[in-house]
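Here is what each chain is made of, one letter per residue.
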Amino acid sequence: MSSKMFQVMRTGRLGLLFTAAVFSVSTISASVARDTTADAGREQPDETPLHMLVSIKEQKIKVYRGLDLIEVSPISSGKRGHSTPTGVFSILEKRRKHFSNLYDNAPMPFMQRLTWSGIALHVGRLPGYPASHGCIRLPRSFAKSLYSMTERGMHVVVTRDHAEPVSVRHGVLPQPYVPATEVASLSGQTIASDPALRGAIRPANLQTSLPVAQPENPYFDRPLRMIITPQKLPSKRRVLQRLLNQMGYNAGPVDGVVGRKTRAAIRLYQEGADLPVTGRITDALVARIHMEAGYEKPQNAILRVRRKFSDIYSAPVSVKNIDQEIGTHVYTALDFERGDNSVEWIAVSAEGERGGQSDELLNRIEIPKKVATELAKMLTPGTSLTITDRSFKRNTGLGTDFVVITR
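Residues numbered from 1 in each chain as written. Predicted model: local features only at pLDDT ≥ 70, side-chain atom pairs only at ≥ 80, totals over all residues. Heavy atoms only, no water.

Per an unreviewed UniProt entry, the chain goes by L,D-TPase catalytic domain-containing protein and derives from Effrenium voratum.

And the structure:
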């Protein structure tokens, strides 16, 4: 075989190998592109918080993801004499198979407990009217589907009439914490006044703060449950007695009873302050003693925070016009990511028009700056804030969130 023919054959083989290699790479690239396109087209799960609204009057349960209504089902609530309580609840316990320990071991499939006193969501007969002993009966197919969607701690608001969530924006609602550090800078005036700096440094406009790293919240996947309720302030007479005692006037026991010792202490104070000596309590006298004693009137409400059914924080806050009705309003933070600097909120009024509109009520709430910063640091997706003038203590304890009964 001639060398020329050998060279041609070798060149042909190399061409075939090159063509095969190109085809192989093209095939792999196409496959990778298809996989990438498929991954990009695959929808991410919606992490917007779920919550449920139950209307006794409508005999319906509605499941919302944020503001979006995703499921509706008929129910049967408690009959006369065993009416279902209305209010703000959370799912405390879940069991696929459960039997009543109150009513003849009756089966309660797909049970989701709302109170430890016997109120729950579960499969049951729906005759078209309230017929249970207080629980909320559901159709089997819906109860099974709902069971797969919910988690312990999810909110369930039971109302007498129709209710629905609305979007709400207000400065008092917590937002994710964005830390910043102050940056020292030299102003033009400072440079001009110092001969050593003049001509050596040119003034420039700098940012006064820069973002700094914030330690990750280890409980970011755990929604908080917060509640604001009025707190009873000490009586004016008790405060006056305590302050007079602190100032050395011996007003006797701090019991709110203006007896001989308290009147004597008031007269002694009035004499030393060159006031008319009457021994009587007046607004002017109270204001003067408060000022001299450095007394600051305490705030009239308290904020409490729970995580995983346990108390983790509390602080005093204020409610304007505390003597006016508040009602019961539930505000819920929607989904956000670590590092976000804002989050949207929704609101549900659990008592209809009582206390006014949910967004208007927020104008009456005052949260100290320090407390607001602490809440921002703790804030997690799905966190809720309930503002109410109802008591939560009777049904709230170990193993519950804040349970507010409104009827």
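Q: Quick question: what am I supposed to make of the pairing of strand β19 (residues 384-388) here?
A: Regular strands have side chains that alternate between both faces of the sheet. The buried fraction of β19 amounts to 5 of the 5 residues, a majority that puts the element mostly inside the structure. When strand β13 (residues 225-230) meets β19, the two strands line up parallel, connected through 4 bridges. The residue of β19 that forms the bridge with Ile-228 is Ile-387. Alignment of strand β16 (residues 328-333) against β19, held across 5 bridges, turns out to be antiparallel. Each residue of the ladder has a partner; that of Tyr-331, found in β19, is Leu-385. (Buried < 20%, exposed > 50% of the residue type's maximum accessible area, 1.4 Å probe, protein only. Helix = DSSP H or I, 4+ residues; strand = E, 2+ residues; numbered from the N terminus. Pairing = 2+ DSSP bridges.)

Q: Explain the packing of helix α4 (residues 236-246) against helix α5 (residues 260-272) here, please?
A: Relative placement of two packed helices is described by the angle separating their axes and the distance separating the axes. It is at 11 Å that the axes of α4 and α5 come closest, and there the two elements cross at 60°. With respect to each other, α4 and α5 are oriented oblique. Read as a crossing pair, α4 and α5 show a hand that is left-handed. Contacts between α4 and α5 involve Leu-240, Gln-241 and Leu-244 on the former and, on the latter, Thr-262, Ala-265, Ile-266 and Tyr-269. (Axes fitted to C-alpha atoms, helices over the stretch in contact; angles between N-to-C directions. Parallel < 35°, antiparallel > 145°, perpendicular 65-115°, else oblique. Left-handed = near helix turned anticlockwise from the far one by under 90°. Contact = heavy atoms within 4.5 Å.)

Q: Explain the pattern of salt bridges to me, please; I cannot follow it from the model alone.
A: Opposite charge on two side chains lets them pair, provided their charged atoms get close. In this structure the tally under the stated criterion is 12 salt bridges. Salt-bridge contacts for Glu-93 lead to Arg-95; the nearest nitrogen and oxygen are separated by 3.0 Å. A salt bridge links Glu-325 to Arg-354; the nearest nitrogen and oxygen atoms lie 3.5 Å apart. Of this pair, Glu-325 sits in the loop between β15 (310-319) and β16 while Arg-354 sits in the loop between β17 (345-349) and α7 (358-361); the two residues are 29 residues apart in sequence, bridging distant segments of the chain. Judged by its relative accessible area of 48%, Glu-325 falls in the partly exposed class. A relative accessible area of 21% means that Arg-354 is categorised as partly exposed. (Salt bridge = Lys/Arg side-chain N within 4 Å of Asp/Glu carboxyl O.)

Q: Would you explain the sheet that holds strand β8 (residues 136-138) in this entry?
A: The pairing of strands in a sheet happens through backbone hydrogen bonds and is either parallel or antiparallel. Taken together, the 4 strands give an open sheet; going across it, the order is β5-β6-β7-β8, and neighbouring strands pair in mixed fashion. Two strands lie at the open edges of the sheet, namely β5 (93-95) and β8, each paired on one side alone. Along the sheet, successive strands turn relative to each other by an average axial angle of 15°, direction set aside. As paired strands, β5 and strand β6 (residues 111-113) are joined by 3 bridges and run antiparallel to one another. Each bridged residue has a counterpart across the sheet, and for Lys-94 the counterpart in β6 is Gln-112.

Q: Mind showing me how you'd approach the layout of surface pockets here?
A: Summary: where empty space remains is shown by rolling a probe the size of a single water molecule over the atoms. Approximately 890 Å³ is the volume found for the largest pocket. Every residue lining the largest pocket is counted, 28 residues in all, and those nearest its centre are Glu-151, Arg-152, Asp-221, Pro-223 and Pro-381. Split by residue class, the lining of the largest pocket holds 9 nonpolar, 7 polar and 12 charged. One number sums up the size of the second largest pocket: a volume of about 510 Å³. Every residue lining the second largest pocket is counted, 28 residues in all, and those nearest its centre are Ser-100, Tyr-103, Met-108, His-122 and Cys-135. Of all the elements in the fold, those that place two or more residues in the lining of the second largest pocket are β6 and β7 (120-123). Residue contributions to the lining of the second largest pocket peak at 3 residues, all from β7. Of the residues belonging to the lining of the second largest pocket, the class tally is 12 nonpolar, 12 polar and 4 charged. (1 Å grid on protein atoms, 1.4 Å probe; cavity = no way out; pocket = protein on both sides within 12 Å on 5 of 7 lines; lining within 4 Å. Points joined across faces, edges and corners; volume = space filled by probe spheres on them. Nonpolar A, V, L, I, M, F, W, Y, C, P; charged D, E, K, R; others polar.)

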